[in-house]
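Structure assessment
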Amino acid sequence: MKKLTALLMVFIFTFMLIGCSGNRNSTEPADNQTAGNTGDTKFKAGTYEGTAKGLGGDVVATVVLSDNKIEEITVKGDNETEGIGTPALEILPGLMVEKQSVKVDAISGATVTSNAIIEAVTKALESAGVDVASLTPAETETGSGEKTEETIDTDVVVVGAGGAGMTAAIELKSAGVNVIIVEKMPMVGGNTVRSSGGMNAAETKVQKSLEVEDSVETFIEDTMAGGHNLNNRELVTVLAENSSDAVDWLESIGAPLPELSFSGGATNKRIHRPAGGGDVGTYLVEHFTANLEKLGVEVMLNTEATELITNEGAVTGIKAESANVNYTINAKAVVLATGGFGANEEMYTEYKPELKGYVTTNAPGATGDGIRMAEAVGAKLVDMEQIQIHPTVEQTTSILVTESVRGGGAILVNQSGKRFTDELLTRDIVSAAINKQEGSYAYIIFDQYLRDNLAAVEKYVEGGITVQGNTIEELAARIDVEPAVLSETLKVWNTAVAEKKDGEFGRETGMENDITKGPFYAIKIAPGVHHTMGGVEINTDAEVINTDGEAIQGLFAAGEVTGGIHGGNRIGGNAVADIVVFGRVAAASALKYIGQ
Ligand code: ADP
């Protein structure tokens, strides 16, 4: 049956290609452009750029939008491997224009490059304010449009190809069982690929080699304190106790994390990062993808799980659908790894109405589907109202300005050009302070010294979200702040840095560098939804628990879809620890359950 699926995929793909070449020069709008009927425009016309990591470096997409159509997509990936990545570069942009959507299949054998192209185009569209998830692929079939039915049998089906799902699938396949991943988006990675920090782990080889003293106990206590002690201590214990092993496992699959630094809420240097300080998310997703390809795990992209199948209370598979097929996937066990619900405003405002209107830093697939599917078979939900907002998110692009910018010396000012808080208090407190300012936004202000010393800033400059001025006064004029006021704010702040005493707001950290080296920069920011700490309840074996407190047979869950590990606030570095540790626990439990 899997062969049939593969054949079908090839057929669909070939069909799309035929459709592509046939319609390339058509001036007619694509079928899915409904806005034309209403006279409304669908897009903000213009040219937009997005960047993602490919095999050999950055893949850059340029997308030209008219009011109602994706007119043109060009993609550059100069360092993609000749013959491996290049077919994807040649084929996918045209296919996406044809489909008027990013929901296209990756090119077989070029998954990493395909993924990077789709991600770069998604980012470009998002920067134009487009709701990418709602762009349904234009119909390219000549048929009646009716879906076909297909049944697939496998050992384990993993729902969601983010970090948790891919970790579980690698472990399952390595143990010799058949596993299929279904992923509703056209690319793998979910929120995981957006993670820039690293992975917390204690008592690791890396810490020992760098003579950093740390302990599992301190890791547990830091996580509990960071989560306002709302966390499930048993789950936190599993997280901490298995973290060192998880780092070793990553090394064993070719993804070592040899660098170490401090991160918010950690007593010791505990956050493990890739060599050279790159983003941990793209790094891990690239390696997970390569491992899945090597192991021959089938990842069904553009395939959305809609329902869990049960038999006498035990979960025995899923229902899923792609554009053309309704699937019944029968499995001995299901691993839910669908992530959180930070991209579903309706859902998060149900639990926290005050978040209405907030932008989100989340990938478009984070819509809480797994939580709802599990709930439908009796799962208990925990901590659903615990939703983390991040204080510094650029609102038109949803680009998150990392805490390291404030840690490196930046300040926040309001539209009057005045500081209003200790900028390095916890995320919830700084967010609340910003919301109290006129217009509920602020500017993050920094200088060339910080830009020269923090690689992340380049992304903001490239993303077009920074405003620049050669002098403070010039910068002030460009953001409509009274120049004399901003100048005075900087004078007071620079004196505070020199004297190591912030008389105004008592800030004590991130005061190593003053803001004196031009040019000067500002980014307009406001809080955005970042992480949903709640989700389905699991036990220490990653079994999903029902409302009677019993494990639901055959159903396992890992990652942001679960609740309880992070309590009332997730500390930086614990999301990656969560997906790797619990992805592996879920796989081990599923293996045991199916008798392997
Ligand atoms: P985690 O960090 O827990 O691994 P991620 O957000 O990284 O979570 O990944 C979750 C993945 O699950 C995303 O790629 C998302 O698109 C996918 N997903 C969410 N809902 C569904 C669904 N109904 N069917 C298939 N995939 C889904």
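Report on the accompanying structure. Since this is a predicted model, take the numbers as computed values, not measurements.

1. Quick look at the overall build of the protein chain
- In terms of regular secondary structure, the protein chain is built from 19 helices and 25 strands.
- Across the protein chain, every contact between residues at least 6 apart in sequence was considered, and the portion connecting residues at least 24 apart equals 70%.
- Surface exposure of the protein chain reaches about 24200 Å², of which carbon and sulfur atoms provide 49%.

2. Points about the site of the ligand
- Close to the ligand lie 26 residues; Ala-164, Glu-183, Thr-192, Asp-369 and Glu-560 are nearest.
- One nitrogen or oxygen atom from the main chain of Lys-184 is found 3.1 Å from a nitrogen atom belonging to the ligand.
- Here an oxygen atom of the ligand and a backbone polar atom of Asn-191 are 2.9 Å apart.
- Expressed as a share of its isolated accessible area of 580 Å², the protein-covered part of the ligand is 97%.
- Elements represented by at least two residues in the shell around the ligand include exactly helix 5 (163-174), strand 11 (304-311) and helix 12 (369-376).
- Of the residues in the shell around the ligand, the class split is nine nonpolar, 12 polar and five charged.

3. A word on the sheet that holds strand 6 (residues 179-182)
- Read across the sheet, six strands follow the order 10-6-5-14-24-23 without closing on themselves; strand pairing throughout is mixed. Two strands in the sheet have a free side with no partner beyond their single neighbour: strand 10 (298-300) and strand 23 (543-545). Neighbouring strand axes in the sheet, compared pairwise and without regard to direction, differ in orientation by 35 degrees on average.
- As paired elements, strand 14 (residues 333-336) and strand 24 (residues 551-557) share three bridges and run parallel to each other. Within the sheet, the bridge partner assigned to Val-334 lies in strand 24 and is Leu-555.
- On the sheet, helix 5 packs against strand 5 (156-159), strand 6 and strand 14 and is oriented at approximately 165 degrees with respect to strand 6.

4. What to know about the packing of aromatic side chains
- Counted by the stated rule, this structure contains five aromatic pairs.
- Here the aromatic rings of Tyr-441 and Tyr-443 are separated by 6.0 Å at their centres, their planes lie at 85 degrees, and the arrangement is edge-to-face. Across the pair, Tyr-443 and Tyr-441 agree in class, each one buried.
- Ring centres of Phe-556 and Tyr-593 lie 5.8 Å apart, and the angle between their planes is 65 degrees; this geometry places the pair in the edge-to-face category. Of this pair, Phe-556 sits in strand 24 while Tyr-593 sits in helix 19 (residues 574-593), and the two are 37 residues apart along the sequence.
- On the basis of relative accessibility, which here comes to 33%, the residue Tyr-593 falls in the partly exposed class.

5. A short note on the sheet that holds strand 7 (residues 199-200)
- Taken in spatial order, the three strands line up as 7-9-8 in an open sheet, and their pairing is antiparallel. What marks the edges here is a single partner per strand, and that holds for strand 7 and strand 8 (259-261).
- With three bridges connecting them, strand 8 and strand 9 (residues 271-273) associate as antiparallel partners. Bridge assignment links Ser-261 to a residue of strand 9, and that residue is Ile-271.

6. So, the pairing of strand 2 (residues 58-65)
- A one-sided burial pattern is seen for strand 2, the buried positions being Val-59, Ala-61, Val-63 and Leu-65 and the unburied ones Asp-58, Val-60, Thr-62 and Val-64.
- Relative to strand 2, strand 1 (residues 46-53) runs antiparallel, the two sharing eight bridges. Bridged to Gly-46 within strand 2 is Leu-65.
- Where strand 2 and strand 3 (residues 70-76) come together, six bridges link them in antiparallel fashion. Within strand 3, the residue paired with Val-63 across the bridge is Ile-73.
- Between the end of strand 2 and the start of strand 3, which pair antiparallel, lie four residues.

7. Here we look at helix 5
- Between the first and last C-alpha of helix 5 there are 16 Å, a value that for 12 residues agrees with the 16 Å anticipated at 1.5 Å per step.
- When you tally the buried positions in helix 5, you get 10 out of 12 residues, the bulk of the element.
- When we look at burial in helix 5, the residues that qualify are Gly-163, Ala-164, Gly-165, Met-166, Thr-167, Ala-168, Ala-169, Ile-170, Glu-171 and Leu-172.
- Residues of helix 5 that are buried make contact with strand 5, strand 6, helix 9 (243-252), helix 10 (280-295), strand 14 and helix 19.
- Two residues or fewer after helix 5 comes Gly-176, characterised by a positive phi angle close to 95 degrees.

8. Examining the pattern of salt bridges
- On inspection of all chains with the given rule, the structure shows 24 salt bridges.
- The residue Glu-458 makes a salt bridge to Arg-451 at a minimum N-O spacing of 2.9 Å.
- For Arg-451, a relative accessible area of 18% translates into the label buried.
- A salt bridge links Asp-452 to Lys-517, with the shortest nitrogen-to-oxygen separation between them at 3.2 Å. With a gap of 65 residues between them, Asp-452 in helix 15 (residues 448-453) and Lys-517 in the loop between helix 18 (483-499) and strand 21 (520-532) connect regions that are remote in the sequence.

What counts, and at which threshold
- Numbers given to residues run from 1 along each chain, matching the order in which its sequence is written.
- The model is predicted, so local features are restricted to residues of pLDDT at least 70 and side-chain atom pairs to those at 80 or more, both for listing and for counting; the totals for chains, interfaces and linings are taken over all residues.
- By convention in this description, side-chain values take in all heavy atoms of the structure and omit both hydrogens and water.
- Only DSSP runs of H or I covering at least 4 residues are called helices, and only runs of E covering at least 2 are called strands; the numbering of each starts at the N terminus.
- Residue contacts are counted whenever heavy atoms from the two residues lie within 4.5 Å of one another.
- Working definition of accessibility: Shrake-Rupley area with a 1.4 Å probe, residue cover restricted to the visible protein chains.
- Any residue with a heavy atom positioned within 4 Å of a molecule or strand is treated as near that molecule or strand.
- Definition of a polar contact: a pair of N or O atoms within 3.5 Å, with one able to donate and the other able to accept a hydrogen when the atoms are protein atoms, and with sequence-neighbouring residues admitted only if both atoms are side-chain atoms.
- Gly is put with the polar residues, along with every residue not named as nonpolar or charged; the nonpolar set is Ala, Val, Leu, Ile, Met, Phe, Trp, Tyr, Cys and Pro, and the charged set is Asp, Glu, Lys and Arg.
- If DSSP finds at least two bridges between two strands, the strands pair.
- In this description, a line fitted to the C-alpha atoms serves as the axis of each element, helices being fitted only across the stretch in contact, and the angle between N-to-C directions of two axes falls anywhere from 0 to 180 degrees.
- Only rings of Phe, Tyr and Trp enter the pairing, Trp through its six-membered ring, and a pair is recorded when the two centres are within 6.5 Å. The plane angle decides the type: under 30 degrees is stacked, over 60 is edge-to-face, the rest tilted.
- Accessible area is worked out with a 1.4 Å probe on protein chains only. A residue is then buried under 20% of its type maximum, exposed over 50%, and partly exposed in between.
- By this rule the span expected of a helix is its residue count minus one, scaled by 1.5 Å.
- When a carboxyl oxygen of Asp or Glu is within 4 Å of a side-chain nitrogen of Lys or Arg, the pair counts as a salt bridge.

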